[in-house]
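# Geometric and topological summary
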Amino acid sequence: VTVLGRDAMLAPLQDALRDAKADEAELWVHRRRSAISRYAKNEIHQNAVADETLVQARTVVGSAVGIANANSLDPADLRRLVADACAAARESAPNADWPGLAEPAPASEPNAYDAETARADAASQADAIKRITAAVKVRGFRAAGTHQIELTEDALANTKGASAYAPSTLAYLRALVTSDTGTGWAEDLGWSTRSLDPSDVAARAIEKAALDRDRTQLPPGDYEAVFEELAVAEVLRFMSLTGLSGQTLKDGRSFMAGRFGEQVTGPRFSLWDDALDARTLAVPFDVEGTPKQRVALVEGGVAKGVVHDRQSARWFDTRSTGHAADPRRYSVGGHAGNLTMAAATRSANSSSVRRDAACSSRASITRTHRTPSARR
Amino acid sequence: VPERDAQLADLVDLGARRGAAYADARRVEREFEAVSVRDGEVESVTRSSDRGIGFRVIHRGAWGFAATDRRGETSLRTVVDEAFARAEAAASTRTAPVALAAVAPQRGEYRTTLERDPFAVPVPERIALLRAADANLKGPHAVSRRGSVAAYRTRKHLVTSEGTDVQQEIVESGAGVSVTAVKAGAKPAQRYDGRLTRQAGWEFIEYLDLARRAARYRDDVEAMLDAPLAAERPTTLVFTPEFLALLVHESCGHPTEADRVLEYEVAFAGTTFMWPKDRGTLRYGSEHVSMTADATVPGGMGTFGWDDDGVPAMRTKLIDRGTFVGYLTSRETAAALGVPVAIGSARAEGWQHFPIVRMVNVSLDPGAQSYDALLQGVDDGLLLEAPASYSLDDKRQNFHFSTQSARVIRRGVLEGYARGVSFQSLTPAFWGRCDGVADDWELHGFLSCAKGEPLQLMRVGHGAAHARFRDVPIEVRA
C-alpha cells in the first residue's frame, strides 16, 4: 500500500499549473484504494481491490469555466489535462456570477486517517467476515454483507496559491442475517478498523433476525412509527439533496426558502453539518480548497441556514462554508454530506410511541430498502 | 480499435503459471464529452477520460480481482499479487469452488457502426442545437430550462487464459431536455427525459429532433399546470414505450438477474421473486407479454460483441407469452444454476470493477396491432407518457410509479390532461392486466443502472411499444 503524501501529491499539480494558459486554474486530485470483500450464504463471492485516481482541472478564461477530468498524475498528462480544460473554457459562455477560485486559507489537520487501517489486507477482511459467519452458523442462520477498506488522498492546488492535502481511511462492515422467518441488519462504520466489531455486528444482526417472525400485512393507514438510525439517515440524505444546499435555496425548492428564523419542523429537531466532528468521515477542505465549517441548519425546529460552495456563496453574498462537492455527483451549490441530528435517548422515543399507542397503531422501521451508508 | 496488447497476455500467462484455474486481463479506456445549456446559456463543457487494467483469477476455487490505473512493470506485478491474495482470502471461506459454464474461446473485434463520430462534431454546432431546443422550451410559466448532449467512447481489450482475445470500441450518443413550469396556486409541472441514449453517432442526436421534443414538453407542462385531478378508480391505462422501458427494466430485468437468485446481492440490491423452481410455470403476465434479452440489437446500449466473461452476444427469452422462462447469467451464475450459457450478461462499468450480472437490452416484444388500434380499444382511460418518481421492493415484486404527464383517452381519442396519477401493483398482477401490445416498438437507453459494491453504473437498453392494461387501480394526489 502506497501513500504518496503531501509533497508527492502537490508538486506535480503545482508544476502543471505554472504552464496554464488561463486567468485562473485549479487541480484537484482524489486518489483512492478500495478493497471490498462481499459475502453471501456465509462465503466470500467477490473479493476486489482497485487503485484509482481522479484528477480534475478547472480553468477560467475571462469568466468562462472549463472542466476536464483524467486519471493520471504523470506531468505530461497533467499539462494536457489543463490544456483540455482551457479549451473547454474558451468554448463556454462567461459566467457573470463567477466568484473566483479560493484564496489560500489554513484548514484543520486531517483527523480521519489511520495507518494501520490503510495497511489492512485481504486476509484480515476475510477473518472479520469469518467471525460473523461463525456466529451466524451456530444459530442455523446465514449471513451476507460487505467489508470495505478505503485509503484516500485528496490534494488541491490553484493559481492563487491555495494548496491542501489530506489522507483519510474508511472501514465498513455489514451483515444481513437471514433466518427461516426474517432478516436482521447491522453495520459498523468508521475511519479505523478499530471501530469495527465483527462479533457485535453479528450479535445485533442475529438479534434482529430472530425477532423478525410472525410478520403481518399492515393495511394502509396512519401509524406512529419509530425510525431506527439507518432509516433516519436515509431520510436525512434525501433532505440534504432537496433542501440543504445553496442551489435548492436559489431554486426555491428548499423547505427553508423564505423561512429563515421560522419554525419549519417539530421543536425537537436540530440538524447541523460538521465535517470536523471526529465521529464523522471527512477531509477538512472541500474540492475548491475551502476549509470546511460547521453549519447550523435547523435548531429546535427553526430554519437557520444552508451550506454553500463559492458559487452559491456569491449568489447570496456570503462566504463559502466549504461544501463544494465532487461535480460528477453533485450539482453546483454545495452539498451537506456530514450531517448530525441532535439525539434524545432511544428509550425516550420508544416510550413516547408506547404512550401514543394507546390511541393509535405503531410501527418500528429499522431501515429503508437499499439504504446506503454514510459516505464522504 | 487499439493495437493488440501483449501486456494483457503476459499478465494472463503469469496468472496461469502461478496456478490459477482461470485468469483474465481487461484493459479499458473511456472518454466522455458533454455540453449543457441552462436557460439559454452554456452551463458547462466537460471532458473526461480514464484508463486502467483489471485482472481476475480463480485460484483455490475462489475469485480474486485487482485493478490499477498505474503504469509500469511494478504496478502490474502488484496487481497479480493482489488478485491472488484476494482469491486466497476468499477461498478460506468457501465450501465449493467457483465453476464457469463452458464457452468456446473467442477472437475478433467489434465496433459501433457510426455515420458521424459525436466527438468530431464541433462544440459550436452542439451548442446551436441545444439553444434551438431551449428556445422551444420557453413557455409563459417555464422557470427552469435545460438541455445537454453527450458522447461516450469505450475501448476494451479482453484476454483470458482459455484463449479468448477480443477487442471492442463502443461509441454512444445521448441527449436530454427538461423544463419546469410554476404557476401560483398550481403544483409545479416538470417534463424531462434522461433516457435518450443509443449506441450510435451524432446521427442519433439529429434523429431525436430535440427542438420538436422541447416544444412538446413545453406544451405538456403548461397544460399540466391547469389540468384537473384524475378520478381515483380502476381504469384502463395505456403506456408509452418510454414509460414501459423503465417498467421492463425494474420489474423484469432486475428480478431475472441470476446473481440475485444466488443471494449475491441480498445485502445491497436485493433478491428476486422468480426462483429456479418457477421456470416454465410462474405466470408473470398475460399471453400478450413476452420479454427478450438481446445483446445483438443494433444501437442498443446493452449491445456488444462479447461480455466481460468473453461470451459472444446472444439473445434469449425471459418471458414467453406470460410465462417466466429464463435468466440473465454470467458464466459463473449459469454454472451455479446448472443451466447452459443462453446469454452473456457479465459486465463491469470500468476497468476498476469486477464484472457482475447486468442487463443487456431487455425488451417487451412488439405486438401486431397499430397504436391507433390499441387506442381505439379504450373507451375511458389514461395515457401515461413518462415516469416521474418511483420505488420498488427488494424482490422487484411490488412497485409504485407516478407520472410526469397523463393524457385523458375518451372513445379512443386523446383529450387533454389529468394530473396526480400514480399506481401501485404486484409485478405479476400488473403484467397480467396487459391486453394488448402495439407494433410501434422503439429502443430506449439507460446510462446509469445502479448495482453492485462498489456501485457500478451500467448502460442498458430497453425496447417497448405502446401497451394497454385493463382495470388498473390508480392513486391520485393533488
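This text follows the structure it describes.
Everything numeric in this text was worked out from a predicted model, so none of it was measured. (Residues numbered from 1 in each chain as written. Chains lettered and ligands numbered in written order. Predicted model: local features only at pLDDT ≥ 70, side-chain atom pairs only at ≥ 80, totals over all residues. Heavy atoms only, no water.)

Glancing now at empty space enclosed by the protein. Tallied over the full model, the rule gives five cavities of 30 Å³ or more. Looking at the largest cavity, its volume works out to about 160 Å³. Those elements that place two or more of their residues in the lining of the largest cavity are strand 2 (43-61) of chain A together with helix 8 (331-337) and strand 14 (356-357) of chain B. It is helix 8 of chain B that contributes the most residues to the lining of the largest cavity, three residues altogether. Volume-wise, the second largest cavity comes out at about 100 Å³. Of all elements in the fold, only strand 1 (24-40) and strand 2 of chain A reach the threshold of two or more residues within the lining of the second largest cavity. For the lining of the second largest cavity, the element with the most residues is strand 2 of chain A, which contributes five residues. (1 Å grid on protein atoms, 1.4 Å probe; cavity = no way out; pocket = protein on both sides within 12 Å on 5 of 7 lines; lining within 4 Å. Points joined across faces, edges and corners; volume = space filled by probe spheres on them. Helix = DSSP H or I, 4+ residues; strand = E, 2+ residues; numbered from the N terminus.)

Turning our attention to the layout of surface pockets. All names here are of chain B. Taken as a whole, the second largest pocket spans an internal volume of roughly 580 Å³. Around the second largest pocket, the lining is made up of 26 residues, and of these Arg 213, Arg 216, Glu 242, Glu 442 and His 444 lie nearest the centre. At the level of elements, strand 8 (196-198), helix 4 (202-208), helix 5 (210-226), helix 6 (241-253), strand 16 (380-392) and strand 21 (442-451) are the ones that each hand at least two residues to the lining of the second largest pocket. The dominant element in the lining of the second largest pocket, judged by the number of residues it contributes, is strand 21, at four residues. Among the residues making up the lining of the second largest pocket, the classes are represented as nine nonpolar, five polar and 12 charged. (Nonpolar A, V, L, I, M, F, W, Y, C, P; charged D, E, K, R; others polar.)

Residue and element names in this part refer to chain B. A complete count under the given rule lists 73 salt bridges over all chains for this structure. Residue Glu 172 is joined to Arg 459 by a salt bridge in which the shortest nitrogen-to-oxygen separation is 3.0 Å. Here Arg 459 lies in strand 22 (residues 456-464) and Glu 172 lies in strand 6 (residues 165-181), a separation of 287 residues in the sequence. In this structure, Glu 172 and Arg 459 share a single accessibility class: buried. With a closest N to O distance of 3.0 Å, Glu 257 and Lys 451 form a salt bridge. Taken as a pair, Glu 257 in the loop between helix 6 and helix 7 (258-261) and Lys 451 in strand 21 lie far apart in primary sequence, 194 residues in all. In this pair, the class of Glu 257 matches that of Lys 451, namely buried. One connected set of salt bridges, linked through shared partners, spans Glu 31, Arg 111, Asp 117, Arg 153, Arg 155 and Glu 169. (Salt bridge = Lys/Arg side-chain N within 4 Å of Asp/Glu carboxyl O. Buried < 20%, exposed > 50% of the residue type's maximum accessible area, 1.4 Å probe, protein only.)

By a frequent convention, interface size equals the accessible area lost on bringing the separate parts together. Each partner contributes to the interface: chain B provides 54 residues, whereas chain A provides 51 residues. Interface of chain B and chain A: buried area, both sides summed, is about 4400 Å²; carbon and sulfur atoms make up 43% of it. Together, B:Arg47, B:Arg86 and B:Glu453 form the three largest contributors to the area buried by chain B at its contact with chain A, with a combined 18%. Seen at the junction of chain B and chain A, the total is 11 salt bridges. A salt bridge links A:Arg142 to B:Glu263, with the shortest nitrogen-to-oxygen separation between them at 2.6 Å. Linking chain B to chain A there are 33 residue pairs in polar contact (both at pLDDT 80 or more). (Contact = heavy atoms within 4.5 Å. Buried area = accessible area lost by both parts, 1.4 Å probe. Polar contact = N/O pair within 3.5 Å; in protein donor to acceptor, adjacent residues only side chain to side chain.)

Treat this as a map of the structure, not an account of what it does.
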